[in-house]
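Structure assessment
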Amino acid sequence: MTAPMTATTTAPPTDPTAVRWTTFDSPLGQLLLTADEFGALTSLSVPGQKGGRTVQPGWRQDPGPFRAVGEQLAAYFAGELKEFQLEFRTSGTDFRERVWTALDSVPYGATTTYGEIATRIGAPRAAVRAVGGAIGANPLLVVRPCHRVIGADGSLTGYAGGLDRKVRLLTLEGSPAVPN
């Protein structure tokens, strides 16, 4: 499966007024969405997310760049969308970008492990902790499906948005990884 999203890696803007933001009400709580000056999605954060973004002075509230994101999120949460088709930009180390790109290939309703992600990017199995760190730093929760990564023993380990949200997302997708 190829990633349906268009990704571009760039440095974050140095001018805070270049950042656009809006919120989106969802079953996970009010999501904070940010975009760059070109309208590409740069982050999606859930309330209380470890490492999540918060509105900064100088950012401009502007729902305009987020219409497609909002429509696709609504369809996803309604169970009608399985692949996001969005333009986004992330900024991370080469290692993190490789991990995040590998997340894009995990199909809707399926799961993978940290070790399998390490293998996909050509990293040794010993890099599992580093892979976990990169996944935990994913700036695009929900859209870039880090919730589909589970422990090698099948446990629903870690999720920056909280394990309860991970269970909700996997349940929405009909994943067999969620215990009944």
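Please read all numbers here as calculations on a predicted model, not as lab measurements.

Description of the pairing of strand β4 (residues 41-45)
Among the five residues that make up β4, five are buried, leaving the element largely enclosed by the rest of the structure. Where strand β3 (residues 29-35) lies against β4, four bridges are found, and the strand directions are antiparallel. Among the inter-strand pairings, leucine 32 is bridged to a residue of β4, identified as serine 45. Joining the antiparallel neighbours β3 and β4 is a turn of five residues, in which glycine 39 adopts a positive phi near 90°.

Some points on unusual backbone geometry
Of note, the phi angle at valine 142 is positive, near 70°, even though the residue is not glycine. Looking at where valine 142 falls in the secondary structure, it is placed in the loop between α4 (128-136) and β8 (149-150).

Some remarks on the nonpolar core
Grouped together as the largest cluster of nonpolar side chains are 41 residues, with contacts concentrated most on Leu41, Leu73, Phe77 and Val142. Only β3, β4, α1 (67-77), α2 (94-103), α3 (114-120) and α4 provide two or more residues apiece to this core. Of all the elements, α1 adds the most residues to this core, at five residues. Sequence-distant contacts of leucine 73, defined by excluding residues within four places in its chain, comprise Phe24, Leu31, Leu33, Leu44, Phe84, Val142 and Val143.

With respect to the packing of aromatic side chains
Tallied over the full model, the rule gives three aromatic pairs. Relative to phenylalanine 84, the ring of tyrosine 76 has its centre 5.3 Å away and its plane inclined at 40°; by these criteria the two rings are tilted. Where tyrosine 76 meets tyrosine 108, the ring centres are 6.2 Å apart and the plane angle is 85°; that geometry is what we call edge-to-face. With tyrosine 76 in helix α1 and tyrosine 108 in the loop between α2 and β7 (112-113), this residue pair connects regions lying 32 residues apart in the sequence. A relative accessible area of 0% means that tyrosine 76 is categorised as buried. On the basis of relative accessible area, tyrosine 108 is assigned to the buried category, the value being 18%.

A few points about α1
Residues of α1 that are buried: Val69, Gly70, Gln72, Leu73, Ala75, Tyr76 and Phe77. Against β2 (20-26), β3, β4 and α5 (163-172) lie the buried residues of α1. One or two residues past the end of α1 sits glycine 79, with phi positive at roughly 80°.

Some details on the environment of serine 26
Mapped onto the elements of the fold, serine 26 is located in strand β2. Residues serine 26 and phenylalanine 77, 51 residues apart in the sequence, show an inter-C-alpha distance of 7.6 Å. Sequence-distant contacts of serine 26, defined by excluding residues within four places in its chain, comprise Leu31 and Phe77. Side-chain polar atoms of serine 26 contact the backbone nitrogen of leucine 28, separated by 3.0 Å. Here glycine 29 takes part through its backbone oxygen, which lies 2.8 Å from a polar atom of the side chain of serine 26.

Cut-offs applied
Residues numbered from 1 in each chain as written. Predicted model: local features only at pLDDT ≥ 70, side-chain atom pairs only at ≥ 80, totals over all residues. Heavy atoms only, no water. Buried < 20%, exposed > 50% of the residue type's maximum accessible area, 1.4 Å probe, protein only. Helix = DSSP H or I, 4+ residues; strand = E, 2+ residues; numbered from the N terminus. Pairing = 2+ DSSP bridges. Core = buried A, V, L, I, M, F, W, Y, C linked by side-chain atoms within 4.5 Å. Contact = heavy atoms within 4.5 Å. Phe/Tyr/Trp six-rings, centres within 6.5 Å; stacked < 30°, edge-to-face > 60°. Polar contact = N/O pair within 3.5 Å; in protein donor to acceptor, adjacent residues only side chain to side chain.

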